[in-house]
Amino acid sequence: QVQLVESGGGLVQPGGSLRLSCAASGIIFGIYAMGWYRQAPGKQRELVATITSGGSTNYTDSVKGRFTISRDNTKNTVYLQMNSLKPEDTAVYYCNADLWVVAGTLNYWGQGTQVTVSS
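Residues numbered from 1 in each chain as written. Predicted model: local features only at pLDDT ≥ 70, side-chain atom pairs only at ≥ 80, totals over all residues. Heavy atoms only, no water.

Draft legend 1. Broad picture of the overall build of the chain. Helix and strand counts for the chain stand at zero helices and eleven strands. If you list the helices and strands of the chain from N to C, you get β-β-β-β-β-β-β-β-β-β-β. In terms of C-alpha radius of gyration, the chain reaches 14 Å, essentially the compact-globule figure of 14 Å for 119 residues. Dimensions of the chain, computed from C-alpha atoms along their principal axes, come out at roughly 45 × 25 × 25 Å. Residues classed as buried in the chain amount to 40% of the 119 residues present. Expressed as a percentage of contacts within the chain between residues at least 6 apart in sequence, the contacts between residues at least 24 apart total 55%. Taken as a whole, the chain presents about 6,200 Å² of accessible surface, with 49% of it coming from carbon and sulfur. (Helix = DSSP H or I, 4+ residues; strand = E, 2+ residues; numbered from the N terminus. Rg over C-alpha atoms; globule rule 2.2 N^0.38 Å. Buried < 20%, exposed > 50% of the residue type's maximum accessible area, 1.4 Å probe, protein only. Contact = heavy atoms within 4.5 Å. Areas by Shrake-Rupley, 256 points an atom, 1.4 Å probe, with all protein chains shown as cover.)

Draft legend 2. Fine view of the packing of aromatic side chains. With the rule as written, the count across this model stands at three aromatic pairs. Consider the rings of Y37 and W109, whose centres lie 5.0 Å apart with planes at 65 degrees: the pair is edge-to-face. Separated by 72 residues along the polypeptide, Y37 in strand β4 (residues 28-39) and W109 in strand β10 (residues 104-109) bring together distant segments of the chain. A centroid spacing of 6.5 Å and a plane angle of 85 degrees characterise the contact between Y94 and W109, whose relative ring orientation is edge-to-face. With Y94 in strand β9 (residues 91-101) and W109 in strand β10, the pair connects residues that are 15 residues apart, well separated along the chain. (Phe/Tyr/Trp six-rings, centres within 6.5 Å; stacked < 30°, edge-to-face > 60°.)

Draft legend 3. Spotlight on the environment of K86. Checked against the element boundaries, K86 lands in the loop between β8 (77-82) and β9. For K86, a relative accessible area of 36% gives the class partly exposed. As for K86 and G15, which are separated by 71 residues in sequence, their C-alpha atoms are 6.4 Å apart. Those residues in contact with K86 that lie beyond four places of it in its chain are R66 and V117.

Draft legend 4. The state of the cysteines, seen in detail. In total, this model carries one disulfide according to the counting rule given. Between the sulfur atoms of C22 and its disulfide mate C95 the distance is 2.1 Å. Note on the C22 and C95 pair: the S-S dihedral is about -80 degrees, so by sign convention the disulfide is left-handed. One end of the pair, C22, is in strand β3 (residues 18-25); the other, C95, is in strand β9, and 73 residues separate them in sequence. Judged by relative accessible area, which is 0%, C22 ranks as buried. (Disulfide = S-S within 2.5 Å.)

Draft legend 5. View of the sheet that holds strand β7 (residues 67-72). Strand order in the open sheet made by the four strands is β1-β3-β8-β7, with antiparallel pairing throughout. For this open sheet the edge positions go to β1 (3-7) and β7, each flanked by a neighbour on one side alone. Direction aside, the axes of adjacent strands within the sheet are offset by 15 degrees on average. Here five bridges tie β1 to β3, and the two strands are oriented antiparallel to one another. Paired with L4 across the bridge in β3 is A24. (Pairing = 2+ DSSP bridges. Axes fitted to C-alpha atoms, helices over the stretch in contact; angles between N-to-C directions.)

Draft legend 6. A look at the pairing of β10. In this structure, β9 lies alongside β10, joined through six bridges in antiparallel fashion. Note that in β10 the partner of D98 across the bridge is N107. The antiparallel hairpin formed by β9 and β10 contains two residues in its connecting segment.

By themselves, these figures tell us nothing about what the structure is for.
Okay, here's the thing in C-alpha cells:
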C-alpha cells in the first residue's frame, strides 16, 4: 500500500521552530513534485511550499524567508523546516506528492499533522 506519513508537528511558542517530515512508502518507482499544504480552522486548504524532483522550490508569500522545503530522494522523504513561527501558522499541515506507482502516476495526500503556535 502506497502512503505518505507525516511527523514532526506539535505545540511551539511564537518565534520557535519545528521540522516536519513526510515519508513515502510502498511500491514506488519514482517521485515527482512534493509539497506541503495547510488548513486552518474555518479556512480552505492552501499551498505552503513545493519542490520539484530537480530541487526547484516555490513558497507562498507568507512563509518566504521563514520556511524551507527540502527533500531526500534516497529516503523518499520531504521536509519542511519552519522558523520564526507565528500564531497564524497554526494549522493542520498536509504532505502531497505525485508518485509513479504500479497504477501509473498518481497524486497522494498524507493524513495531516497539527502545528499549533501559541504562548
